[in-house]
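A structural walkthrough
If you want the building blocks of each chain, they are given just below.
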Amino acid sequence: MGSLEGSTEPMLDITTLHDLYSTNKLTPTSLINQIYDHIESYPDKAVWIHLIPREEAVAAAATLTKQHTSSTTPLPPLYGIPFSVKDSIDIAGIPTTVACPSFAYTPTATAPVVQKVLDAGGILIGKANLDQFATGLVGHRSAYGTPRCVFDSEYISGGSSSGSAVGVGAGLVSFAIATDTAGSTRVPAALNGLVGLKPTLGTLSTVGLVPACKTADCITVLAKSVADARIAWGVMRGFDEEDVFARREVPKPTALGDVVRFGVPPEDLLNVLSRPYRALFEQCLRGLCSPGKGLGVQYQKSEFDYTPFQSANNMLYGSSIVAQRLVAFDEYLETHGLEKLHPVIKTIFEASSGFDAVRAYKDLFNLALYKRQAEHQFLKNIDILIVPSTVTHFTVAEIDEDPIERNKLMGSFTHFVNLLDLCAVAVPVGKWRNARGNLMPFGVTLIGLAGRDEELMGLGEKIIEYMSMHLEVYDGDSK
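The shown structure was predicted, so the numbers you read here are calculated from the model rather than taken from an experiment.

**Some words on the overall build of the chain**
Scanning the chain from terminus to terminus reveals 18 helices and 11 strands. Relative to the globule expectation of 23 Å for 479 residues, the C-alpha radius of gyration of the chain, 21 Å, shows essentially globular dimensions. The dimensions of the chain, computed from C-alpha atoms along their principal axes, are 60 × 60 × 50 Å. For the chain, the proportion of its 479 residues judged to be buried stands at 58%. Taking all contacts inside the chain whose residues are at least 6 apart in sequence as the whole, residues at least 24 apart take part in 76%. Surface accessibility of the chain: about 18,900 Å² in total, with carbon and sulfur atoms responsible for 52%.

**Some words on helix α7 (residues 226-236)**
Along α7, the residues classified as buried are V226, D228, A229, A232, W233, V235 and M236. Just downstream of α7, G238 is the residue with a positive phi angle, here 140°.

**Details of the layout of surface pockets**
In this structure, the largest pocket spans a volume of roughly 670 Å³. Along the wall of the largest pocket there are 31 residues; nearest its centre are T215, A216, F245, Q324 and L367. Elements represented by at least two residues in the lining of the largest pocket include exactly α14 (357-380) and α17 (416-419). Of all the elements, α14 adds the most residues to the lining of the largest pocket, at seven residues. Considered as a void within the structure, the second largest pocket measures approximately 300 Å³ in volume. Lining of the second largest pocket is provided by 14 residues; of these, P428, V429, G430, K431 and S468 occupy positions nearest its centre. Breaking the lining of the second largest pocket down by element, the ones donating at least two residues are β10 (422-433) and α18 (453-470). Of the residues contributing to the lining of the second largest pocket, the split by class is eight nonpolar, three polar and three charged.

**So, the environment of S157**
The residue S157 is located in the loop between β3 (123-128) and α5 (162-169) in this model. With a relative accessible area of 0%, S157 lands in the buried category. Note: C-alpha distance between S157 and P199 (42 residues apart in sequence) is 22 Å. Contacts of S157, omitting those with residues within four sequence positions, involve V138, G139, P147, R148, C149, S162, V166, P188, L191 and N192. A distance of 3.1 Å separates a polar atom in the side chain of S157 from the backbone oxygen of P147.

**Some thoughts on the environment of G437**
In this fold, G437 is placed in the loop between β10 and β11 (439-449). Of the residues examined, G437 reaches a relative accessible area of 36% and is grouped as partly exposed. With 212 residues separating them in the primary sequence, G437 and S225 have C-alpha atoms 26 Å apart.

**Structural notes on the nonpolar core**
Generally speaking, nonpolar side chains in soluble globular proteins are found buried as a group. Among the nonpolar cores identified, the biggest contains 134 residues, and F175, I177, Y299, F309, L385 and F416 are the most heavily contacted of them. In terms of residues, this core owes the most to one element, β10, which gives eight residues.

**Section: the pattern of salt bridges**
Scanning the model with the defined rule gives 20 salt bridges in all. The closest approach of N and O atoms between R248 and E241, which form a salt bridge, is 3.1 Å. What makes R248 exposed here is its relative accessible area of 61%. Overall, E241 belongs to the exposed group, its relative accessible area being 52%. The shortest N-O distance in the salt bridge between R372 and E375 comes to 3.3 Å. Within this pair, R372 and its partner E375 are both found in helix α14, separated by three residues, close to a single helical turn. What makes R372 exposed here is its relative accessible area of 58%.

**A look at the pairing of β10**
On a regular strand, each side chain points to the face opposite its neighbour's, so the side chains alternate between the two faces of the sheet. When you tally the buried positions in β10, you get nine out of 12 residues, the bulk of the element. Note: strand β5 (residues 195-198) against β10, three bridges, orientation antiparallel. Across the sheet, G196 pairs through a bridge with A426, a residue of β10. Here β10 pairs with β11 via 11 bridges, running antiparallel. In the strand pairing of β11, V427 is matched with V444.

**Observations concerning the environment of P10**
On the secondary structure map, P10 appears in the segment before α1 (14-22). Along the sequence, P10 and I35 sit 25 residues apart, while their C-alpha atoms lie 6.6 Å from each other.

**Brief notes about the packing of helix α9 (residues 275-289) against α18**
The angle between the axes and the distance between the axes are what describe a pair of packed helices. Interhelical geometry of α9 versus α18 gives an angle of 105° and a closest axis separation of 11 Å. With respect to α18, the axis of α9 lies roughly perpendicular. Between α9 and α18, the contacting residues are C284, G287 and L288 on the first element and I463, Y466 and M467 on the second. Its residues assigned to classes, the contact of α9 with α18 comprises five nonpolar, one polar and no charged.

**Overview of the side chain of K86**
Here K86 is to be found in strand β2 (residues 82-86). For K86, which is buried and forms no salt bridge, the nearest opposite charge comes from D131, at a distance of 7.8 Å. Reaching out from K86, the side chain makes a polar contact with the side chain of S160 at a distance of 2.7 Å. Ignoring anything within four residues of it in the chain, the contact list for K86 reads K127, A128, L130, A134, S160, S161, S164, I177, A178, T179 and S184.

Thresholds applied
- Residues numbered from 1 in each chain as written.
- Predicted model: local features only at pLDDT ≥ 70, side-chain atom pairs only at ≥ 80, totals over all residues.
- Heavy atoms only, no water.
- Helix = DSSP H or I, 4+ residues; strand = E, 2+ residues; numbered from the N terminus.
- Rg over C-alpha atoms; globule rule 2.2 N^0.38 Å.
- Buried < 20%, exposed > 50% of the residue type's maximum accessible area, 1.4 Å probe, protein only.
- Contact = heavy atoms within 4.5 Å.
- Areas by Shrake-Rupley, 256 points an atom, 1.4 Å probe, with all protein chains shown as cover.
- 1 Å grid on protein atoms, 1.4 Å probe; cavity = no way out; pocket = protein on both sides within 12 Å on 5 of 7 lines; lining within 4 Å.
- Points joined across faces, edges and corners; volume = space filled by probe spheres on them.
- Nonpolar A, V, L, I, M, F, W, Y, C, P; charged D, E, K, R; others polar.
- Polar contact = N/O pair within 3.5 Å; in protein donor to acceptor, adjacent residues only side chain to side chain.
- Core = buried A, V, L, I, M, F, W, Y, C linked by side-chain atoms within 4.5 Å.
- Salt bridge = Lys/Arg side-chain N within 4 Å of Asp/Glu carboxyl O.
- Pairing = 2+ DSSP bridges.
- Axes fitted to C-alpha atoms, helices over the stretch in contact; angles between N-to-C directions.
- Parallel < 35°, antiparallel > 145°, perpendicular 65-115°, else oblique.
- Lys, Arg positive; Asp, Glu negative; His and termini not counted.

Structure follows, in structure tokens:
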């Protein structure tokens, strides 16, 4: 029980597993053995940096079962649920490498978000690969190999949460604890047909996370459905006194009404999309605005000023904000220099220096202005912003041709979200056929004011359901 009919891939959605466990039709031990059989047969070995040995995971499952065999209380929310953790997040006794072997250290404490999942019955399968130092949107910048897209291995998986996304997309885990600073969850979610939840900053503890850009880092969830992301998020969230950026109180925007006003980027910026992405994005918008739809609310496209969003997007790699990467790894760089870094990461770090305090304060003030201007657009003109999660899907070979500029291009609609203190959920809404004849996913990201997490997930759930029934596969020119 618990496997897809005719498939060796286990059935891993959390609600189904919970029901199977509750009715004694499946045990955690049985599922974990299925998981490891699938991992052993899965061809992409670059998913993992540290895979928990099978016997240890099976022992954890057996212990969990024993703890709850005679209990009269309901099973914990993540009982027997297999999950992975991005290898920039600490787990006691397991090296944290951030995909850089010379940086690796072994922590003595487990990050609070991971511990909450373990306490709720989750079973750790391993630590997942990533772009080195969580720097990149391609998933092709790691000393531990390149995880490939689950739909076509010639294509990138997206990053920096590359192994996390492939693990979920390939059915190796139910969900992944990942991170997002500039799109590192939303992009790989889109490229692997997943849901990527980027919660409101400060609502999930970042203690135990190796920072990439401390003021914009966010712990995230990758899952196959909004329902699974919501369950994991519900377990992980909560104020952490030890996190200096944690929020004691989460903003509570005015509730969305029956009419949801949405904005999209201006036409000239959308011209960067590949043909299939542009066609599918327009198809998605037509679907939202068509009459007689079963979306629960009425969508209304509204005019607004995109300038503050684009201005903030330009700041990530064009301002002193990028220098935070040097701050995060200052001790390592003083000891090792740049020579042991991945060549592309070395180039990025070299370009991140040279900003003085005057420039840093100017950038800080400019960002505060853009944040206020963006807030004004949400309060006056739109309820949510809908953007393509990324602009196209590159092959690994195409990234090799131009690793810096094509990576930057992929963040055309992602970089501003954390900088402006917004929350977001990436959802799959369509498919296109590539030149090799494989169906590839397309996704959009719903973006809203801080505190609107639950509402965005609700909207995303309805959109996925509707689009899966109404959108046609794009079969035109894949370029």
